[in-house]
Amino acid sequence: GAGVSQTPSNKVTEKGKYVELRCDPISGHTALYWYRQSLGQGPEFLIYFQGTGAADDSGLPNDRFFAVRPEGSVSTLKIQRTERGDSAVYLCASSSLDRGTNSPLHFGNGTRLTVT
Amino acid sequence: GESVGLHLPTLSVQEGDNSIINCAYSNSASDYFIWYKQESGKGPQFIIDIRSNMDKRQGQRVTVLLNKTVKHLSLQIAATQPGDSAVYFCAENYSGAGSYQLTFGKGTKLSVIP
């Protein structure tokens, strides 16, 4: 079956530009997560959706970062006024989370964002 | 492409030997733990998980051990194969915080010598 799909796989943008990164989760998964991974580091949490709502956005670094999931499936991570420090791999994951029970996160292959 | 394993602790193992990868986790209240495998240019791939009410869980060729007293997690891979070469991350979660985000460790690079 299809896994988590992320597009584009690579994105190069100039400092100050706006970018959108897309995530298509595994069908039927209600929980969706965005993580960011810098070179040589483990993934760092950004935001988590349960259905359409952001249940935890405590990992977003500042107000230039925003994410939506309007229909409870596809999600878009939006970054305004990009900075060179935003360069990283942005990972999306989904899980079949039942309330009160953890389940494994299944990750996509990420979008490598490079800000020049 | 760039290596996800750059500057990480490295474990080199002969093909066919057993591997043990260790992880010290940070939150004594964490109640769910996962091991992920990440190959270069790919996202983390789920290997095995364990809840805090267990101290051992076995999968296919893999075993996870949890020692809550010293906040230590280990992943044992039996009969290591070249395809096991990757970076391995442990991750923890405290579900009582009302969020299901995972906190990842720094990772260990496993290199299998043919």
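The rules behind these values
Residues numbered from 1 in each chain as written. Chains lettered and ligands numbered in written order. Predicted model: local features only at pLDDT ≥ 70, side-chain atom pairs only at ≥ 80, totals over all residues. Heavy atoms only, no water. Helix = DSSP H or I, 4+ residues; strand = E, 2+ residues; numbered from the N terminus. Buried < 20%, exposed > 50% of the residue type's maximum accessible area, 1.4 Å probe, protein only. Contact = heavy atoms within 4.5 Å. Lys, Arg positive; Asp, Glu negative; His and termini not counted. Charge placed at Lys NZ, Arg CZ, Asp CG, Glu CD. Phe/Tyr/Trp six-rings, centres within 6.5 Å; stacked < 30°, edge-to-face > 60°.

Asker: Is there a simple way to explain the overall build of chain B in this structure?
Answerer: Secondary structure assignment for chain B yields 0 helices and 10 strands. Counting helices and strands in the order they occur from the N terminus, chain B gives β-β-β-β-β-β-β-β-β-β. For the C-alpha atoms alone, the extent of chain B along its principal axes is close to 45 × 30 × 20 Å. Counting over 114 residues, chain B shows a buried share of 41%. By sequence separation, contacts in chain B at least 24 residues apart represent 55% of the contacts at least 6 residues apart. Computed over 10 positive and 9 negative side-chain charges, the separation of the two mean positions in chain B equals 3 Å.

Asker: Looking at this structure, I do not really get the packing of aromatic side chains. What am I missing?
Answerer: The description of two aromatic rings rests on the distance between their centres and on the angle between their planes. Within the structure shown, the criterion is met by 10 aromatic pairs over all chains. Ring geometry for A:Tyr35 against A:Phe45: centres 5.7 Å apart, planes inclined by 75 degrees, an arrangement best described as edge-to-face. Placement of the pair is A:Tyr35 in strand β4 (residues 31-37) and A:Phe45 in strand β5 (residues 44-50), with a sequence separation of 10 residues. Looking at A:Tyr35, the relative accessible area reads 0%, which means it is buried. Ring centres 6.0 Å apart and planes at 75 degrees place the aromatic pair A:Phe107 and B:Phe104 in the edge-to-face group. In this pair, A:Phe107 is assigned in strand β10 (residues 106-107) and B:Phe104 in strand β9 (residues 103-104), connecting two distinct chains. Considered together, A:Phe107 and B:Phe104 belong to a single accessibility category, that of buried residues. Here the aromatic cluster, defined as three or more aromatic residues joined through ring pairs, consists of A:Tyr35, A:Phe45, A:Phe107, B:Tyr36, B:Phe46, B:Phe89 and B:Phe104.

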